[in-house]
Amino acid sequence: MIYMDNAATTKIRPEVYEAIEPYLKDLYANPSSIYTFAAKTAKDIEAARNTVADFLGAKSNEIYFTAGGSESDNWALKSVAFTMRNKGKHIITSTIEHHAILHTCEFLERAGYDITYVGVDEYGVIKLDELEAAIREDTILISVMYANNEIGSIQPIKEIGEIAHKHGVLFHTDAVQAYGHVDINVDEQNIDMLSASGHKINGPKGVGILYIRSAIKMEPLIHGGAQERGRRAGTLNAPGIIGFAKATELAKAELDQRNDYEIKLRDYIIKRITEEIPYTRLNGHPTDRLANNINISFRFIEGESLLILLDQKGICGSSGSACTSGSLDPSHVLLAIGLPHEIAHGSLRLTISEENTYEEADAVVDELKRIVERLRNMSPLYEDFVKENR
């Protein structure tokens, strides 16, 4: 198997598994208990909180552990909306957000909130002038993702935060794809809230964080206990938290080296595909993109057929977000950057890791060439195109 779908999830690192194992076997106490047996687990969770805070340039009391990125996104938007409803009911986001944001915004619209969806350019980068023009007196929150999960484009986060703060508006960023893959400093980048998830950085599934700047008042997402300083009730997921912190520690130590390798491999794959397979285009920013992200549209074919044939050869890729893999609709992200439906439908996302090799890259591209040729030879649209362009 060749796995190139690391934006969907990553393989847990051996070091992370080793760090987690004691909390599944021997250190199983509820960390909220008062006896000595629970004290070590509670202490280790606070050490984990410090590790995450240090990676973000935050304070440890600003880190809240959650069940993952989607929960963190929901908490950020719903809590700000509820807490600040007397100030205003206007929220700004972008047209290319993850559905954890978009569906939450739809829920808030049904609850009487006004949502503005700011557009992006052809590379999937938010239009800053349109963003600032959308701010109103009743605007309470701007939420823009750090890096897009489908096309990898990295947003001008610091500038977005500056615009928000200039107008007295809070700024949240969904950093699920960026956390552990880029340098983040919440103070320098004017970030008030940030979501991240463990399984995107070789950590366990079912754990994430929400960073909340200490000055911000937020309603709890879950009531029923005093955990997480009274803001998120529920027994703490000690193994997940320990694993998240270990994955963060490894990501921080290896960030530059891993990115250097992934960028070279990414660009090698992009070059081969775009030069050797005609009628293709790279989606997303050519340089300001995540180091491991490749998103290519192939004209005259369906992405679903492409994925099935790749899978038959043991190659794991994606047509976009794993959260919407059952949908037959074209990617909202690709439509937002201006692709017509028929081209958006024929897109492939490959997200590599430092474990992928150049030999694997060549095998994937060689297989892609055969599959694309096969599918196009079956396409009436391609047949008509060839006839018209002879």
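As the structure is a computational prediction, the values presented were derived from the model and not from experiment.

The rules behind each value
Residues numbered from 1 in each chain as written. Predicted model: local features only at pLDDT ≥ 70, side-chain atom pairs only at ≥ 80, totals over all residues. Heavy atoms only, no water. Helix = DSSP H or I, 4+ residues; strand = E, 2+ residues; numbered from the N terminus. Contact = heavy atoms within 4.5 Å. Patch = residues over 30% accessible without salt bridge, like charges linked within 9 Å, V, L, I, M, F, W, Y side chains within 5 Å. Areas by Shrake-Rupley, 256 points an atom, 1.4 Å probe, with all protein chains shown as cover. Salt bridge = Lys/Arg side-chain N within 4 Å of Asp/Glu carboxyl O. Buried < 20%, exposed > 50% of the residue type's maximum accessible area, 1.4 Å probe, protein only. Core = buried A, V, L, I, M, F, W, Y, C linked by side-chain atoms within 4.5 Å. Expected span 1.5 Å × (residues − 1). Arc of directions from axis to C-beta. Pairing = 2+ DSSP bridges. Axes fitted to C-alpha atoms, helices over the stretch in contact; angles between N-to-C directions. Parallel < 35°, antiparallel > 145°, perpendicular 65-115°, else oblique. Left-handed = near helix turned anticlockwise from the far one by under 90°.

### A closer look at the side chain of Ser 318
At step 1: Among the structural elements, Ser 318 can be located in the loop between strand 11 (315-316) and helix 9 (332-336).
At step 2: Setting aside residues no more than four positions away along its own chain, Ser 318 makes contact with Asp 5, Leu 307, Ser 347, Leu 348 and Arg 349.

### Looking at a nonpolar patch on the surface
At step 1: Taken together, the side chains of Tyr 28, Tyr 35 and Phe 37 present a nonpolar region at the surface, about 360 Å² in accessible area.
At step 2: Locating Phe 37 in the fold gives a position in helix 2 (residues 36-56).
At step 3: By relative accessible area, Phe 37 is classed as partly exposed at 36%.

### Here we look at the nonpolar core
At step 1: Ranked by internal contacts, the top residues of the largest apolar core, which has 61 residues, are Leu 56, Ile 63, Ile 142, Tyr 179, Ile 191, Leu 194 and Ile 209.
At step 2: For Ile 142, the contacting residues outside a window of four places in its chain are Ile 92, Leu 131, Ile 135, Ile 160, Ala 164, Val 169, Leu 170, Phe 171 and His 172.
At step 3: Counting 26 residues, the second-largest nonpolar core is a separate cluster that includes Ile 273, Leu 307, Leu 310 and Leu 350.

### Remarks on helix 1 (residues 14-25)
At step 1: In this model helix 1 runs 17 Å from its N-terminal to its C-terminal C-alpha over 12 residues, within 8% of the 16 Å that 1.5 Å per residue would give.
At step 2: Val 16, Ile 20 and Tyr 23 are the residues of helix 1 that are buried. Projected down its long axis, helix 1 carries its buried residues within an arc of 50 degrees, all on one side. Opposite the buried face of helix 1, at more than 90 degrees from it, the exposed residues are Pro 14, Glu 18 and Lys 25.

### Thoughts on the sheet that holds strand 5 (residues 139-143)
At step 1: Pairing within the open sheet is mixed, and its seven strands lie in the order 2-8-7-6-5-3-4. For this open sheet the edge positions go to strand 2 (63-66) and strand 4 (114-118), each flanked by a neighbour on one side alone. Direction aside, neighbouring strands of the sheet carry axes that sit 20 degrees apart on average.
At step 2: This element, helix 4 (residues 99-110), spans strand 3 (90-94), strand 4, strand 5 and strand 6 (170-174) of the sheet and lies at about 145 degrees to strand 4.
At step 3: Across the sheet, helix 6 (residues 157-166) touches strand 5 and strand 6, and the angle it forms with strand 6 is around 155 degrees.

### Points about the pairing of strand 8 (residues 208-212)
At step 1: Across the five residues of strand 8, five count as buried, placing the element largely inside the fold.
At step 2: Residue alternation in strand 8 divides its side chains into two sets, Gly 208, Leu 210 and Ile 212 and Ile 209 and Tyr 211, and both sets are buried.
At step 3: Of the pairings in the sheet, the one linking strand 2 to strand 8 comprises four bridges and is antiparallel in character. Bridge assignment links Tyr 64 to a residue of strand 8, and that residue is Leu 210.
At step 4: Two strands pair when backbone bridges link them, and strand 7 (residues 193-197) and strand 8 are joined in this way by five bridges, in the antiparallel orientation. When the sheet's bridge partners are listed, Leu 194 is paired in strand 8 with Tyr 211.

### Here's the deal with the environment of Glu 122
At step 1: Checked against the element boundaries, Glu 122 lands in the loop between strand 4 and helix 5 (128-134).
At step 2: Residue classification places Glu 122 among the exposed positions, given a relative accessible area of 51%.
At step 3: Put simply, Glu 122 and Arg 258 are 136 residues apart on the chain and 28 Å apart in space, counted from C-alpha to C-alpha.
At step 4: When sequence neighbours within four positions are dropped, the list of residues in contact with Glu 122 reads Arg 281 and Ile 337.

### Side note on the packing of helix 8 (residues 303-312) against helix 11 (residues 358-377)
At step 1: Viewed as axis vectors pointing N to C, helix 8 and helix 11 meet at an angle of 135 degrees, and their least axial separation amounts to 10 Å. Between helix 8 and helix 11, the angle falls in the class oblique. When you trace helix 8 past helix 11, the crossing you get is right-handed. Contact with helix 8, carried on its side by Ser 305, Leu 306, Leu 309 and Leu 310, involves Leu 368, Ile 371, Val 372, Arg 374 and Leu 375 of helix 11 and no other residues of that element.

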